[in-house]
Amino acid sequence: SLDDRWSYYISAEEYAAHLERQSNEYVGIGGTVMAREDKTGYDIVEVNPDGPAKEAGVLAGDIVTHADGNFLGECTVSEVRGFIMGKKNTQVVLTVLRGRESLEISVTRKVIHSKIVVSRMMEGNIGYIQIDNFHSGAGKETIEAVKALLDQGAEKLIFDVRSNPGGYVHEMVEVLDYLLP
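Cut-offs applied
Residues numbered from 1 in each chain as written. Predicted model: local features only at pLDDT ≥ 70, side-chain atom pairs only at ≥ 80, totals over all residues. Heavy atoms only, no water. Axes fitted to C-alpha atoms, helices over the stretch in contact; angles between N-to-C directions. Helix = DSSP H or I, 4+ residues; strand = E, 2+ residues; numbered from the N terminus. Parallel < 35°, antiparallel > 145°, perpendicular 65-115°, else oblique. Left-handed = near helix turned anticlockwise from the far one by under 90°. Contact = heavy atoms within 4.5 Å. Nonpolar A, V, L, I, M, F, W, Y, C, P; charged D, E, K, R; others polar. Buried < 20%, exposed > 50% of the residue type's maximum accessible area, 1.4 Å probe, protein only. 1 Å grid on protein atoms, 1.4 Å probe; cavity = no way out; pocket = protein on both sides within 12 Å on 5 of 7 lines; lining within 4 Å. Points joined across faces, edges and corners; volume = space filled by probe spheres on them.

Two elements in contact, helix α4 (residues 138–151) and helix α5 (residues 169–179), have axes whose closest approach is 7 Å; the angle formed by their N-to-C orientations is 30°. The orientation of α4 with respect to α5, classified from their angle, is roughly parallel. Note on packing geometry: the crossing formed by α4 with α5 is right-handed. Listed contacts from α5 to Ala138, Gly139, Lys140, Thr142, Ile143, Val146 and Lys147 of α4 are Glu171, Glu174, Val175, Tyr178 and Leu179. Counted by class, the contact of α4 with α5 contains 6 nonpolar, 2 polar and 4 charged residues.

Right, let's get into unusual backbone geometry. Residue Asp3 is not a glycine yet carries a positive backbone phi of 55°. Within the secondary structure, Asp3 is located in the segment before α1 (12–22). In the Ramachandran plot, Lys39 falls in the positive-phi region, its phi being about 60° despite a non-glycine side chain. In this structure, Lys39 sits in the loop between β2 (31–35) and β3 (42–47). Taking relative accessible area as the criterion, Lys39 reaches 45% and is therefore assigned partly exposed.

Before going further, it helps to spend a moment on the layout of surface pockets. Roughly 1,800 Å³ of volume is contained in the largest pocket. Along its surface, the largest pocket is lined by 44 residues, and Arg21, Tyr26, Arg81, Met85 and Ser114 are the ones closest to its centre. Partitioning the lining of the largest pocket into residue classes produces 17 nonpolar, 17 polar and 10 charged.

Have a look at this one:
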């Protein structure tokens, strides 16, 4: 009714999840999944090295088919998130396929802090900084990365904000206030 493509209704549950994402912290297992085209489950594409999934033995490349007995193949990403995420210190039992072997792995959910900024030195004294979003903490993490790269001898900086969905203006302003005279 607003005739604005950027305005839409979200439920209270979706709004709570939105706020959680913007805090760059969530309670879960510390893994990233992607739907399989054949609808047999979800590929585990990344496992947080400090997360509970890693501690429990979940590996990138595993295929998760069930969470607490619920088949995930036909589920949306939001539905999968709902099965896997939950209250701190509760457990979720994942059924994963590893090669031809089916395993049941019990994972205790914990608070996961999402890494916002990744940085490294490149050839030619160039510092590279990838900023995943401008949600809570992005300003502080970006400034810390800039300082660390400058301490390592960076003379130029590349800021990679590809696929960055945005976030809080005050987080971006914090970075710009630090960088610009």
